[in-house]
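Observations on chain architecture
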Amino acid sequence: MIFSQHIYELKFRFLYILVAVLNCWCVAYWYKYELLYLIQLANSYFIFTHISEVFLSLLKTSFLVAGLVSLPYASIQIGCFLCPCLYTYEARTLLNFLKKLTLVIIIGNFFFLKVLFPWSWQFFSEFETTQATHSVAIFFENRLQDYLNFFVHFFFFFNFTLILILIGYQFFDNLDMLSKFRKFIYLGIVIISACITPPDVISQLSLSAPIILIYEFKIFTTRLYLNYVNSATN
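Residues numbered from 1 in each chain as written. Predicted model: local features only at pLDDT ≥ 70, side-chain atom pairs only at ≥ 80, totals over all residues. Heavy atoms only, no water.

1. Some remarks on helix 4 (residues 71-82)
Since the α-helix packs 3.6 residues into each turn, any two residues three or four apart lie on the same face. With 12 residues, helix 4 ought to run about 16 Å at 1.5 Å a step, and its terminal C-alpha atoms sit 16 Å apart, in line with that. The complete set of buried residues in helix 4 reads Ala 74, Ser 75, Gln 77 and Gly 79. (Helix = DSSP H or I, 4+ residues; strand = E, 2+ residues; numbered from the N terminus. Expected span 1.5 Å × (residues − 1). Buried < 20%, exposed > 50% of the residue type's maximum accessible area, 1.4 Å probe, protein only.)

Below is the structure:
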């Protein structure tokens, strides 16, 4: 197969992924209030202070849900494109990684929705005070955009951390690969952070910087582990 045929196939596979994301986005936006009910905590209500705030917030949330739902299909398309040019053991490794990735995301997100996110929201909500218990009364009004931004940022951070842990488990001894693709990982983190955060540098850095630090910590621990193994064998 010549190079132009590879480009032709790759273009159509990305087109299939784009169509799948758009279809999932249409379905997610059609059931936008049902999705909001699923991530809404008990006894919570929302306010909005801008006329287009609800529309834009639900639009962004529906798109992110569509991207997450269509991720297995996108993984299948990428795997079908890569498998013919891989050795048998490489294709088997890629398939096992995709299976583990799907399982980890499903179990991790169930834990995130049922345990981690409600606990974190309760922790920050406890800073609300009344004059009966404190000298200053601090009341909290649950704004829809702030709630969804908190959920999306925390959700993205949690899932990317899971993916990094899985990559470290799958390719723990391949320090060269982690260092080689470092700049591409950083570029992807910054681009995704810019897409899901408000258009200011502080918000983008507050989301991308912790993930980059986790990636650097992963490289550091891998280097320590390899040095320990080498010293033990010698």
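Having seen the structure, we can now continue with the description.
2. Regarding the confidence of the model for the protein chain
Confidence in the prediction for the protein chain averages 79 pLDDT; 91% of positions are at 70 or higher. Across the protein chain, helix 1 (residues 3-30) holds the top mean pLDDT of 87, while helix 7 (residues 175-180) sits lowest at 72. (pLDDT = per-residue confidence, 0-100.)

3. Observations concerning empty space enclosed by the protein
Summed over all chains, the structure comprises one cavity of 30 Å³ or more. What lines the largest cavity is simply Lys 32, Leu 35, Leu 36, Ile 39, Leu 58, Thr 61 and Ser 62. At the level of secondary structure, the elements contributing two or more residues to the lining of the largest cavity comprise helix 2 (32-39) and helix 3 (53-69). For the lining of the largest cavity, the element with the highest residue contribution is helix 2, accounting for four residues. (1 Å grid on protein atoms, 1.4 Å probe; cavity = no way out; pocket = protein on both sides within 12 Å on 5 of 7 lines; lining within 4 Å. Points joined across faces, edges and corners; volume = space filled by probe spheres on them.)

4. Structural notes on the pattern of salt bridges
For side chains of opposite charge, pairing can occur when their charged atoms come near one another. Under the definition given, this model contains three salt bridges. Notably, a salt bridge pairs Arg 143 with Glu 53, separated by 3.3 Å at the nearest N-O pair. Here Arg 143 is found in the loop between helix 5 (88-125) and helix 6 (144-170), whereas its partner Glu 53 is found in helix 3, with 90 residues between them in sequence. Look at Arg 143 and you get partly exposed, because its relative accessible area is 23%. Glu 53 gets classed as buried once you look at its relative accessible area, which sits at 3%. Residue Asp 146 is joined to Arg 143 by a salt bridge in which the shortest nitrogen-to-oxygen separation is 3.1 Å. (Salt bridge = Lys/Arg side-chain N within 4 Å of Asp/Glu carboxyl O.)

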